[in-house]
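Each chain, written out:
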Number of protein chains: 2
Amino acid sequence: MSDALKAAGPAEGPVCAPEMGGRDRIVLGHGSGGKLSHDLVARLFTPVFDNPALRAGDDAAEVAVAATGRLAVSTDAHVVSPLFFPGGDIGRLAVCGTVNDVAMLGARPQALTAAFVLEEGLELATLQRVAASMQAAAAEAGVSIVAGDTKVVQRGHADGLYIATTGLGVIPAGRRVSGALARPGDVVLVSGPMGDHGLAVLSARGELGFELGVPSDVAPLNHLVAAMFAAEEGIHVLRDPTRGGLATTLNEIAQQARVGIVIEEGRVPVRPEVAAACEVLGFDPLYVANEGKLVAIVAPEAAEAVLAAMRATRYGEAAVRIGEVRAGPAGRVLLRTALGSHRVVETLMGEMLPRIC
Amino acid sequence: MSDALKAAGPAEGPVCAPEMGGRDRIVLGHGSGGKLSHDLVARLFTPVFDNPALRAGDDAAEVAVAATGRLAVSTDAHVVSPLFFPGGDIGRLAVCGTVNDVAMLGARPQALTAAFVLEEGLELATLQRVAASMQAAAAEAGVSIVAGDTKVVQRGHADGLYIATTGLGVIPAGRRVSGALARPGDVVLVSGPMGDHGLAVLSARGELGFELGVPSDVAPLNHLVAAMFAAEEGIHVLRDPTRGGLATTLNEIAQQARVGIVIEEGRVPVRPEVAAACEVLGFDPLYVANEGKLVAIVAPEAAEAVLAAMRATRYGEAAVRIGEVRAGPAGRVLLRTALGSHRVVETLMGEMLPRIC
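These figures come from a predicted structure and were not determined experimentally.

## As for the overall build of chain A
Scanning chain A from N- to C-terminus turns up 10 helices and 14 strands. Taking 21 Å as the expected radius of gyration for a compact globule of 357 residues, we find that chain A reaches 22 Å, a close match to that expectation. Within the span of chain A, comprising 357 residues, buried residues form 62% of the whole. Contacts spanning at least 24 positions in sequence make up 83% of the contacts within chain A whose residues lie at least 6 apart. Carbon and sulfur atoms make up 53% of the accessible area of chain A, which totals about 12,300 Å². Charged side chains in chain A number 30 positive and 39 negative. The centres of these two groups are separated by 4 Å.

So this is what it looks like as structure tokens:
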């Protein structure tokens, strides 16, 4: 063994054995299940996500849940490129996306798992930044990352890293929230401006050709949802308009409930910078992904109370009413323009912005 | 629009719009969240995994759990290459791996989620095969795949597909299984021969230079675990020796419990073909991954009953006692050779077989 290797000792530095290819990058050995894998978990992940379930060190984590019997479970894979963008990164996106999906079922998110596919050669510093961001998002949401897994693929077989998160939370007894529950006469609300996230990622790729100046809106919305339910238990539908945007989300709901939805063009909030960028690029903000916004469909008599609760809560300050639910045309979404005419808003057909979440 | 496109109509064929690049391959649009994504889920995944939670169509799935309050949660990313190998495939591996991790906490696996990262250009027929294999494994284990997600990355940014699964199950009241509970005097059992899976995958890559003739042992072990607990509630440790093999698993346990473990070389079961292949390749079967085996550590008075229960149950027929737990050397695993000498069995240090699970 050379002097350099002897001096370095076993697994010195954060998690790399020098003879394995570097002190600061992921190597295939980190995915082997052996010492390098253990060191990666023990020195990079566990200290950041620190909680009793992770520290126990068993294959699975034990999570105590209140004995109500109804769990909401959701999973997401995250392949955003680039990994870091104005307003967030793949880690924050992973945690918030899954926290929000669980919250959209009216549940209180409690625990997350995170499975990583790392590319050989990924800088450990990058992974540390992502892990820290995940923990910050988890702390903001009040959830714990209780279990995880790490696999490594050869250089070129992943884009730095992919993350798959799964979240679980308890649905309070008696609460039911579902796209199927939208009823004619219901009011459609959104929590704020549409289109920020998709364009922020595009901007980070340098594909806009100009500085957007608007960060991603990625945020955990479970506290906002809790505030809404505190005001009004009978919220019918909650949905976060991510891939495919508001238009796709409303179409999903219209089809699930077999109702019509009409939104007013002038009422859908869009930041001026986003509107201008969409105009230049030929995009419609209705189809651009959001990662910190929600759509709520509530009974008309509940709308004012829910709006007030939203506007008094972080991430809901700009909440507005944008439309209503009709009996028909069933499964259709219509946009009422400033001229009073109606045009059909289709669901997104193909691929507009790949790898934005 | 050309005649060919008009004739094909919208989204004809399984899930591809012809103008999007083909009738039989994954395109970027399948990850957009729009119509192609919906069709992929509705026509390929939902019919295969069919259950009420998936059919509801909301963002998260509702899972009813018995109100005992203690859940086991585990997650795994799967990057095995090739996707199909003798005895299994990435789909079966994903389901069984996560079912087993949950079972190793003494829990009854109940529900799984599955997040897919698909490579642009992946054949739909391949994805259908994988989904069908997942459902067969889930049915064998008695679990439902209740939620999922699909993202698509450009050609070259994934190897066909990666899958991340998360599983949950209920831990019966009063049951506690953990690596930390191994005690001096306990008996170490394994459910069958070591090393099949890792070598089967290597063989499928054509890297062995000869036909192995031994398939992967990938299997769901939750029914075996249930039979063991029916015989003896006081099982101290359960672990499935996957990446890093039996040696790494025993080292983990020895360190968690701060005990010594001694195994007898002649007692560790290894198929003759696997032993011979390892000899030729310079591998030690103690370090080769298994995907359908478990290690159990039980009180000495319980060993006969547990062994009998294992031998009477599928996947446990070849169960044997291989060693025992000692007070020391704490954190160490020793192998007692045929000559009566002891050698230290270290945990796996680097990377022996990448991408085997």
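## Observations regarding the domain arrangement of chain A
All names here are of chain A. Here the domain parsing of chain A yields domain 1 (5-171) and domain 2 (179-344). Here the C-alpha centroids of domain 1 and domain 2 sit 30 Å apart. Opposite the 23 residues of domain 1 that make contact, domain 2 presents 22 residues. Summing both partners gives a buried area of about 1,700 Å² for domain 1 against domain 2, and 63% of it is carried by carbon and sulfur. For the pair domain 1 and domain 2, the number of links is one salt bridge. In this structure, Glu140 engages Arg314 in a salt bridge whose closest nitrogen and oxygen atoms are separated by 3.2 Å. Our count for the domain 1 to domain 2 interface comes out at nine residue pairs in polar contact (both at pLDDT 80 or more). Breaking the side of domain 1 that touches domain 2 down by element, the ones donating at least two residues are strand 3 (84-85), helix 4 (90-103) and helix 5 (124-141).

## Some points on the pattern of salt bridges
Under the definition given, this model contains 40 salt bridges over all chains. A:Glu233 is the partner of A:Arg175 in a salt bridge, and the nearest nitrogen-oxygen pair spans 2.8 Å. Of the two residues, A:Arg175 sits in the loop between strand 7 (161-170) and strand 8 (187-190) while A:Glu233 sits in the loop between helix 7 (222-231) and strand 9 (235-239), which places them 58 residues apart along the sequence. Using a relative accessible area of 9% as the deciding quantity, one classes A:Arg175 as buried. Among the ionic pairs, B:Lys151 bridges to B:Asp149, the shortest N-O distance being 2.7 Å. Residue class for B:Lys151 comes out buried when judged on its relative accessible area of 4%.

## Let's talk about the nonpolar core
One finds A:Phe116, A:Leu118, A:Leu127, A:Met134, A:Leu161 and A:Leu199 to be the most contacted residues of the largest nonpolar core, which totals 50 residues. Taken together, the elements giving at least two residues each to this core come down to helix 2 (35-49), helix 4, strand 5 (108-119), helix 5, strand 6 (144-153), strand 7, helix 6 (196-204) and helix 9 (272-281) of chain A. Each of domain 1 (5-171) and domain 2 (179-344) of chain A gives at least three residues to this core. Ignoring any residue separated from it by four or fewer positions in sequence, one finds A:Phe116 in contact with A:Phe45, A:Leu127, A:Met134, A:Asp149, A:Thr150, A:Lys151, A:Leu161, A:Tyr162, A:Ile163 and B:Ala77.

## Let's talk about the packing of helix 6 (residues 196-204) of chain B against helix 9 (residues 272-281) of chain B
Packed helix pairs are specified by the crossing angle of their axes together with the interaxial distance, meaning the distance between the axes. Residues and elements named next belong to chain B. Contact pair helix 6 / helix 9: the axes reach a minimum separation of 11 Å and the direction vectors enclose 65°. Note on packing geometry: the crossing formed by helix 6 with helix 9 is left-handed. Only Val274, Ala277, Cys278 and Leu281 of helix 9 make contact with helix 6, whose side of the interface consists of Asp196, Leu199 and Leu202. Classifying every residue of the contact of helix 6 with helix 9 gives six nonpolar, no polar and one charged.

## Some words on the sheet that holds strand 5 of chain A
Taking strand neighbours across the sheet as the criterion, the five strands line up as 6(A)-5(A)-7(A)-2(A)-1(B) in an open arrangement whose pairing is mixed. Edge strands, defined here as strands with exactly one partner in the open sheet, are strand 6 of chain A together with strand 1 (61-64) of chain B. Pairwise comparison of adjacent strand axes, ignoring direction, gives a mean angle of 20° for this sheet. Strand direction decides the pairing type here: strand 5 of chain A and strand 6 of chain A, joined by nine bridges, are parallel. Of the residues in strand 6 of chain A, the one forming a bridge with A:Leu118 is A:Val152. Packing against the sheet, helix 4 of chain A makes contact with strand 2 (70-78), strand 5, strand 6 and strand 7 of chain A, and its axis sits at approximately 30° to strand 7 of chain A.

## Thoughts on the relation of the copies chain B and chain A
When chain B is fitted to chain A, the residual RMSD is 0.0 Å, and the transformation amounts to a turn of 180° plus an axial shift of 0.0 Å. Seen this way, the second copy is the image of the first under a two-fold rotation axis. The share of interface residues of chain B whose copies in chain A are also at the interface is 100%, consistent with both copies meeting through the same surface.

## Concerning helix 10 (residues 303-311) of chain B
All names here are of chain B. Within the span of helix 10, buried status applies to Ala303, Val306, Leu307, Ala309 and Met310. Summarising the axial view, the buried residues of helix 10 lie within an arc of 160°, below the 170-degree limit, and thus occupy one face. In this fold, the buried residues of helix 10 make contact with strand 8 (187-190), helix 7 (222-231), strand 9 (235-239), strand 11 (295-298) and strand 12 (320-326).

## Some points on the packing of helix 4 of chain A against helix 5 of chain A
Residue and element names in this part refer to chain A. It is the contact of helix 4 with helix 5, at a shortest axis distance of 7 Å, that shows an interaxial angle of 30°. One way to sum up the angle between helix 4 and helix 5 is to call them roughly parallel. For helix 4 against helix 5, the interelement crossing comes out right-handed. In contact with Ile90, Gly91, Arg92, Val95, Cys96 and Val99 of helix 4, helix 5 contributes Val130, Ser133, Met134, Ala137, Ala138, Glu140 and Ala141.

## A word on the pairing of strand 6 of chain A
Strand 6 of chain A sits mainly inside the fold: eight of its 10 residues count as buried. Traced from strand 5 of chain A through helix 5 of chain A to strand 6 of chain A, the parallel crossover comes out right-handed.

## Observations regarding the packing of aromatic side chains
Residue and element names in this part refer to chain A. Tallied over the full model, the rule gives five aromatic pairs over all chains. Seen from their ring centres, Phe45 and Phe49 are 6.0 Å apart, and the 20° between their planes marks the pair as stacked. Here Phe45 and its partner Phe49 are both found in helix 2, four residues apart, which amounts to about one turn of the helix. The residues Phe45 and Phe49 share a single accessibility class, namely buried. Counting every residue linked through ring pairs, the aromatic cluster contains Phe45, Phe49 and Phe116. It is Arg129 that lies over the ring of Phe84; its NZ or CZ is 3.7 Å from the centre.

## Focus: the interface of chain B and chain A
Across the boundary between the two partners, chain B contributes 75 residues, which contact 75 residues of chain A. In this assembly, chain B packs against chain A so that about 5,900 Å² is buried in total across both faces, 55% of it on carbon and sulfur atoms. Across the contact surface, chain B and chain A share four salt bridges. The shortest N-O distance in the salt bridge between A:Arg70 and B:Glu62 comes to 2.8 Å. Here chain B is connected to chain A by 30 residue pairs in polar contact (both at pLDDT 80 or more). Those elements that place two or more of their residues in the side of chain B that touches chain A are helix 2 (35-49), strand 1, strand 2 (70-78), helix 4 (90-103), strand 5 (108-119), strand 6 (144-153), strand 7 (161-170) and helix 8 (245-257) of chain B.

## Details of unusual backbone geometry
Residue and element names in this part refer to chain A. In the segment running from Ser81 into Pro82, the intervening peptide bond is cis, with an omega of 5°. Relative to the assigned elements, Pro82 resides in the loop between strand 2 and strand 3. In this structure, Arg258 takes a positive phi of about 55° despite not being glycine. Tracing the backbone shows Arg258 in the loop between helix 8 (245-257) and strand 10 (260-264). The backbone of Tyr315 shows a phi angle near 80°, a positive value even though the residue is not glycine.

## Here's the deal with the environment of A:Gly106
All names here are of chain A. By the secondary structure assignment, Gly106 is in the loop between helix 4 and strand 5. Take Gly106: its relative accessible area is 0%, and that puts it in the buried class. For Gly106 and Met228, which are 122 residues apart along the polypeptide, the C-alpha to C-alpha distance reads 10 Å. Excluding its chain neighbours within four sequence positions, the residues that come into contact with Gly106 are Pro172, Arg175, Val177 and Phe229.

Cut-offs used in this document
- Residues numbered from 1 in each chain as written.
- Chains lettered and ligands numbered in written order.
- Predicted model: local features only at pLDDT ≥ 70, side-chain atom pairs only at ≥ 80, totals over all residues.
- Heavy atoms only, no water.
- Helix = DSSP H or I, 4+ residues; strand = E, 2+ residues; numbered from the N terminus.
- Rg over C-alpha atoms; globule rule 2.2 N^0.38 Å.
- Buried < 20%, exposed > 50% of the residue type's maximum accessible area, 1.4 Å probe, protein only.
- Contact = heavy atoms within 4.5 Å.
- Areas by Shrake-Rupley, 256 points an atom, 1.4 Å probe, with all protein chains shown as cover.
- Lys, Arg positive; Asp, Glu negative; His and termini not counted.
- Charge placed at Lys NZ, Arg CZ, Asp CG, Glu CD.
- Domains from an automatic or database assignment.
- Buried area = accessible area lost by both parts, 1.4 Å probe.
- Salt bridge = Lys/Arg side-chain N within 4 Å of Asp/Glu carboxyl O.
- Polar contact = N/O pair within 3.5 Å; in protein donor to acceptor, adjacent residues only side chain to side chain.
- Core = buried A, V, L, I, M, F, W, Y, C linked by side-chain atoms within 4.5 Å.
- Axes fitted to C-alpha atoms, helices over the stretch in contact; angles between N-to-C directions.
- Left-handed = near helix turned anticlockwise from the far one by under 90°.
- Nonpolar A, V, L, I, M, F, W, Y, C, P; charged D, E, K, R; others polar.
- Pairing = 2+ DSSP bridges.
- Least-squares fit on C-alpha atoms with pLDDT ≥ 70 in both.
- Arc of directions from axis to C-beta.
- Parallel < 35°, antiparallel > 145°, perpendicular 65-115°, else oblique.
- Right-handed = clockwise from strand over helix to strand, strands pointing away.
- Phe/Tyr/Trp six-rings, centres within 6.5 Å; stacked < 30°, edge-to-face > 60°.
- Lys NZ or Arg CZ within 6 Å of the ring centre and 35° of its normal.

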